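# Fold and geometry: a report
For reference, the chains in residue letters:
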Amino acid sequence: MCENTHHKASHSEKQRSHNQPICFYGKMHSVLLMVILTSAMVVGVCEPVQPLADAAQRCFIGPVDPHTHVLLTSDTAYQLVNTSCSFSQAWHFCQSLFSSLTVLGNREDEMGTRQVLNQANMQSPVWMRISNGHPPTTTQTLSKQRGLLSALSFSGASRDGHARAAATFPPLAAASVCARVQFDGLHQSVSALFSYATRALTNEFQLRARPDEKRQRVLLALIVHGRHHAYRASFPNDARWHHVCVTWRKSDGSWAVYVDGKKGDGAEGSEPNRDMHGNGIFILGQDQDSFGGNFTEPFVGNITDVNVWDVTLNNEQVRRLEVCSRPVEPKPFLGWHELNLTLHEVTEVPEVIPCPGLLKQEPQKQEDCRILDSWAQGVPQYSTSPCSHTLPFICKTSKDRYMKKKEMEESLTAHPSPFMQHLSQHGVTTNDVLGKPGADRSWSSVSNLLNISERYLRESREQLESRDFPSLVQILSQAAELPSADNRSHVTAHTLSRNFIGLADALISQENANKWHAIREVVSGPMAVVQTIDRMVTNLSPLLLEDADSAQFHFNNIRLQVQQKSVSESSAGSEFCSANLTNHSELDCISVPPQSIQELYNNGFQKVTVLSTWYNSLTPLMNTEENVTTFPVITDSSVKYMGTVLGSSVISSAVMGNGQLISLGVQYTLRHRSKNTSGMHYNPVCAFWDFSLMPEDGGGWSTEGCEIISSAQDSTSCYCNHTTNFALLLQIYDVQRSQENEKGLQILSFIGCGVSLCGLIFTFILFVAVGVPKSDRTTVHKNLIAALAIAQLLLIFSYWASANQELCLLVTALLHLFFLSSFCWMLVEGLLLWSKVVSVNISEDRRMRFYYALGWGLPVLIVAITLTVSLNKYKAEQHCWLNTESDIIWAFVGPVLFVLAVNTVVLCRVVVVTVSSARRRAKMLAPSSVSKPHTLDLT
């Protein structure tokens, strides 16, 4: 077990790699305490420990200039904020600057922190965050089961570190391997969590991991009998413990990969299977390129609780293992303590492993956060401090984002926008808006700024400029941090909240979608506005409910309700629904189930506050693909994954008790915003916005702890085991033909093309054998027949050519050429008909040269240009034909439409001329009335 320290870590901890999770032991030495306090007083930033509410008032008082000490590297900007704040305040302050706290263990951040501190001549400790860690809050949660297990720590300092099991493996007809894994977030190479090799096949059974830096995930892929499956299953790359299970069965070749109790990937085998060879070597943390050796892909992180079964575990058994609920039957073939591991450059350490099983509420403990304490011989020394302590901190952001933000601020100062000019007319300076030194951050000044800004957006006909948006988001961030002071009235808080929500509502309206996309380099997206609303309502809820049990704010795009409920043994759940603006139907709803309220009562709560918010217009404002951290599991070959979109409103819920947030399970039902179109299928996914998932980008969508309860054609109901902002993500699939349909279509194509080819060949033989007189019409017919026949022959051959990419590309180009040539000779047929009927004055020799250039030369030119311009996008993925998912298809469709249009004109003109000629001929041949004999003439 680990004991928290006040400031200094033990000597054994310093010797551990900074890439590994750090466990602190012992107590802080009094000498070090004096050093830290003395240094803090010298630089004037160390403040005594205070309650969180008091610290919130002190953190942002006084000048805070984020540009005072700035270090620019090739890619990153580091900004020192020399004002003492709690860790949570520092976290959110950096986010208000559209940046994040520096990361513990990140070498680049460590060097940047050291340089900016030296530049400011500071020696005091500063806050650091864990990679993808969550900001500490005062949230009360139901405690999780924990167990003390011995774990294996694989250091990145060695590429040969591994643990070998001294166990004998018989031939296996089924196998399951489960383990708990803590992946090192700084390790960016492919690694093997475990490998089982035999003399017959080194890659007999293996689980591989590959970090995805862009999406902050660790992807998993299973190898069975040497067959490497795709990287589809995944878990967040957040330095936390994750439960991983893999299963395989010989009878049907089925295999599966489970992550944290849920199936992440799997399928049934399509090839004949066999037993897994016996007498193999089982190794943790390495692959085996040779039998028992030749290690090249080491794992970096911690592994524990490894168990091996000679049966296939089902979903329920894996779930029981993940939540540590009770032992799973049958017992493992080889348990964690039965593997008899031989360690090579691997350290055995005790670890406290959390499990997701809910128990009773634990007493609230003071949480510790990480700080960069000092430097010793160029090596950073980390320790911990209570998160409520106040320390300086350093915000980091990309250099491009920092320069763009600075450029916008300088532009607003030199050339104020109409909005900034309006503020200046009411005595608001640019410093007040941008949060620079000299800004007044008192309750009255921030409230006045909100009031002026909200009234301008509501009444003015002037449109906001895109450069105003970062400033407005910063205004909301300042207001969100206002404390719930005792000397403020319910009316004052209600007025400030209404102005706050009104300003936020105007910012996230659909009319501003283009402006949000224009400032993406500075502000990641509108969820920054959502976060400020969450913090504002949480801070001001005591004042909002001072004289009432509920408060509501309804705008076009945001609807918010704050409600206080008494908790009793028979309390019902709490539900919030937002009516549809068109037909007033209530389909977007979120509720706290009765069992969750009952759980609060059992834990001693008498009153709780439920905060519910609904956001209508975020879909067009967000670039969903860039913030999606989940990957689709595709097991059906008849569909193709096309992407993921935000497919609903965003709805949120938070529960507060005794002034603190309480995380509870919630249910929500949301309408689908995207309609199914022909050939497309939309698969709903229950998700929530995790602000700590990708801090530099403002967060990302995650599905952890969420699952679908039921799904209809136009709505989906979900359950999540925590409170936050929720939505539905719709995974888009292109419905493709199944193998049976593909085979049937292939047979029909062979029959159709074969009959057509036979007819063309027979026609060509008739032209040659019968001795049709030579003419330009006969020549055109022969060329058209030749082009069509070759195209049909290539179309039949294309089904075999699709197996070879180079050959398939050649066939695609030839198909493009000869089908284009067929249509060009059809155009020639039309022009020839025009020349015969409308009588174009051109000699036959010149006319035939033009026809050959049009029938063969133009297709060659079009194909050559298309291949030169876009060779990589020329061919479709699955078939030997043009890529229909890009503009390449227009290199065929465009000329075809042109030919059809010209031939239509020719046909109409020829019909008109023919009908006119027929009428004239009929009139000429008709007997004249003058020449008819009369009766009188014959008498």
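Just above sits the structure.
Let me begin by describing the structure that accompanies this report. Note that the structure is a prediction, hence the values are computed from the model and not measured. (Residues numbered from 1 in each chain as written. Predicted model: local features only at pLDDT ≥ 70, side-chain atom pairs only at ≥ 80, totals over all residues. Heavy atoms only, no water.)

Here we take up the packing of aromatic side chains. The relation between two aromatic rings is expressed through the spacing of the ring centres and the mutual angle of the planes. By the definition in use, this model includes 22 aromatic pairs. Summarising the aromatic geometry, the rings of Trp-825 and Tyr-852 are spaced 5.8 Å apart at their centres and angled 85° between planes, so their arrangement reads as edge-to-face. Taken together, the residues span a long stretch of sequence, with Trp-825 in helix α18 (residues 805-837) and Tyr-852 in helix α19 (residues 844-869) at a distance of 27 residues. Geometrically, the ring pair formed by Phe-850 and Tyr-851 is tilted, given 6.1 Å between the ring centres and 50° between the ring planes. (Phe/Tyr/Trp six-rings, centres within 6.5 Å; stacked < 30°, edge-to-face > 60°. Helix = DSSP H or I, 4+ residues; strand = E, 2+ residues; numbered from the N terminus.)

The next subject is the pairing of strand β24 (residues 558-566). Every other side chain in a regular strand lies on the same face of the sheet, so the side chains alternate between the two faces. In terms of strand pairing, strand β23 (residues 550-554) meets β24 through five bridges, oriented antiparallel. By the bridge assignment for β24, Gln-552 is matched with Gln-561. Between β23 and β24, which pair antiparallel in sequence order, lie three residues. Across nine bridges, β24 lies against strand β27 (residues 607-615) in antiparallel orientation. The residue bridging Val-562 from the neighbouring strand is Leu-611, located in β27. (Pairing = 2+ DSSP bridges.)

At a closest axis distance of 9 Å, the pairing of helix α10 (residues 443-459) and helix α12 (residues 490-507) adopts a crossing angle of 45°. Between α10 and α12, the angle falls in the class oblique. Judged by the sense of rotation from one axis to the other, the crossing of α10 with α12 is left-handed. Each of Trp-443, Ser-447, Leu-450, Asn-451, Ser-453, Glu-454 and Leu-457 in α10 lies in contact with α12, whose residues at this interface are Thr-492, Ala-493, Leu-496, Asn-499, Phe-500, Gly-502, Leu-503 and Ala-506. Broken down by class, the residue content of the contact of α10 with α12 amounts to eight nonpolar, six polar and one charged. (Axes fitted to C-alpha atoms, helices over the stretch in contact; angles between N-to-C directions. Parallel < 35°, antiparallel > 145°, perpendicular 65-115°, else oblique. Left-handed = near helix turned anticlockwise from the far one by under 90°. Contact = heavy atoms within 4.5 Å. Nonpolar A, V, L, I, M, F, W, Y, C, P; charged D, E, K, R; others polar.)

Note that Trp-336 resides in the loop between α6 (315-323) and β18 (341-344). For Trp-336, a relative accessible area of 9% translates into the label buried. Sequence separation between Trp-336 and Ala-179 is 157 residues, and the spatial gap between their C-alpha atoms is 9.0 Å. Sequence-distant contacts of Trp-336, defined by excluding residues within four places in its chain, comprise Ser-150, Leu-152, Leu-284, Ile-303, Thr-304, Asp-305, Val-306, Asn-307 and Leu-341. (Buried < 20%, exposed > 50% of the residue type's maximum accessible area, 1.4 Å probe, protein only.)

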